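For reference, the chains in residue letters:
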Amino acid sequence: MSENQINQTDVKESAKQTKVLLVDDQMIVFAGLKKVLADRPDIVINYCSDPTKAIATANEFLPDVILQDLEMPEIHGLQLLKFYRSHPQLKEIPVIVLTSNDDPETKKKLFDADANDYLVKMPHEKELKARIDMQVRTFRLKQEKDKLFMQLRSELDKAAEYVISLLPIQITNEPILTDWRFIPSAELGGDIFGYHWIYKDNFAMYLLDVCGHGVGSALLAVTAYNALKAQTLPSTDFTKPDQVLSALNEAFQMAEHNDLYFTMWYGCFNVPTRKLSFGSAGHPPAILFLDGKTESYLNCENFIIGGVPGFPFSSLEIDVPKDSLLYVYSDGVYEIEKLDGSMWTIEEMVDYIKQNEIDIKIDDLYKFVQKLSNKKVLDDDFSMLKILFK
């Protein structure tokens, strides 16, 4: 019988079997463990008496729990714990340390080294079984949670790819030039934006942000986006922002959409008159730079979309000189928690734009807020439209 592969039951494993690896240089401990667990045919025991082979044995066997001696020749149990925790295949496997030492300092060292539990040799059989079952149950629950998380992550990635596929191509010919960035957060929010021509003289632009995160928020954003792009809202003049906001509000009431609402900025630029009509619904103001240095905050005191049926949405109008530059964005662009715990503000964002000669590269702004927050992936979607009116 090989000391590295002594099984209590047939090697064939069922889904209910528990795989236990014992690492101990004393064969008597294995004999005792085998006797204690004799009435548990669901448990498969693999025994390793040489601690120098423990990592290789565990990597091949992939146990549900490791029982390990603390005092062993050649490699101390604490050092072996560090090896487990740095190994990609073994770092999550629970480890119960067997020790003859019950003093508080030893226990502290064990838990500092990420041991999951400890038992004083030799534990009562009821306690041993209970500890094994508890650790295995916790381990499997975590495995299931991780599996579900990976499935959700895959769904979020697919949702983000779908949202990106809907976004408009950049316009590089006059009289309108556009640039934009959509960078999803780790959890995917409900941001989406677009623009299109209405007849030949009116250019509509919009950005909306559905509350919450996840696939539900993204789907509602896509549904509203499609209604705007296809201009399917009933009895609506899409060159009139107040009418568009009112129609969206009636079509997407929270009570009928799983308590989800959204904020929005909508504008329509008339080329012959160079007038920009705009309306916002609980959304951050768009920023219009009129002469390369003077900014105008384009905002209306309207409520969110979906909040109150029949809300009287209003819109405003502004003259747009040639070479004016408009920024439309979501709150994920500026609601950035800085390293000192304070929040970046819209005014600070505007200062950044002005300090960088107004016509910024959006990628540079994104890198700046990454550095500001010390986060590679932001907490919310980063969405920004940049529109130059020639």
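Above this text is the structure in question.
Bear in mind that the values here come from a model prediction, so they are computed numbers and not experimental data.

1. A short note on helix α3 (residues 77–86)
- Those residues of α3 lying buried are Gly-77, Leu-78, Leu-80, Leu-81, Tyr-84 and Arg-85. Looking straight down α3, one finds its buried side chains confined to an arc of 155°; they lie on one side. Across α3 from its buried face, at more than 90 degrees, point the exposed residues Lys-82 and Ser-86.
- On its buried face, α3 is in contact with β1 (18–23), α2 (54–61), β3 (65–69), β4 (95–99) and α4 (104–112).

2. So, the pattern of salt bridges
- For the structure shown, the criterion picks out 20 salt bridges.
- A salt bridge links Glu-348 to Lys-338; the shortest N-O distance between them is 3.3 Å. Taken as a pair, Glu-348 in helix α8 (residues 346–355) and Lys-338 in the loop between β14 (324–329) and α8 lie far apart in primary sequence, 10 residues in all.
- Judged by relative accessible area, Glu-348 falls into the partly exposed class, the value being 29%.

3. Let's talk about the environment of Asp-157
- The topology assignment puts Asp-157 in helix α5 (residues 125–166).
- Among the residues examined, Asp-157 registers a relative accessible area of 34% and is labelled partly exposed.
- For the pair Asp-157 and Met-264, spaced 107 residues apart in sequence, the C-alpha separation works out to 24 Å.

4. Overview of the side chain of Arg-85
- Along the chain, Arg-85 falls in helix α3.
- Separated by 3.0 Å, the side chain of Arg-85 and the backbone oxygen of Lys-91 make a polar contact.
- A distance of 2.7 Å separates the side chain of Arg-85 from the side chain of Asn-116, its partner in a polar contact.
- When neighbours within four sequence positions are excluded, Arg-85 is seen to be in contact with Leu-90, Lys-91, Glu-92, Ile-93, Pro-94, Val-95, Ala-113, Asp-114 and Asn-116.

Reading the values: rules and limits
Residues numbered from 1 in each chain as written. Predicted model: local features only at pLDDT ≥ 70, side-chain atom pairs only at ≥ 80, totals over all residues. Heavy atoms only, no water. Buried < 20%, exposed > 50% of the residue type's maximum accessible area, 1.4 Å probe, protein only. Helix = DSSP H or I, 4+ residues; strand = E, 2+ residues; numbered from the N terminus. Arc of directions from axis to C-beta. Contact = heavy atoms within 4.5 Å. Salt bridge = Lys/Arg side-chain N within 4 Å of Asp/Glu carboxyl O. Polar contact = N/O pair within 3.5 Å; in protein donor to acceptor, adjacent residues only side chain to side chain.

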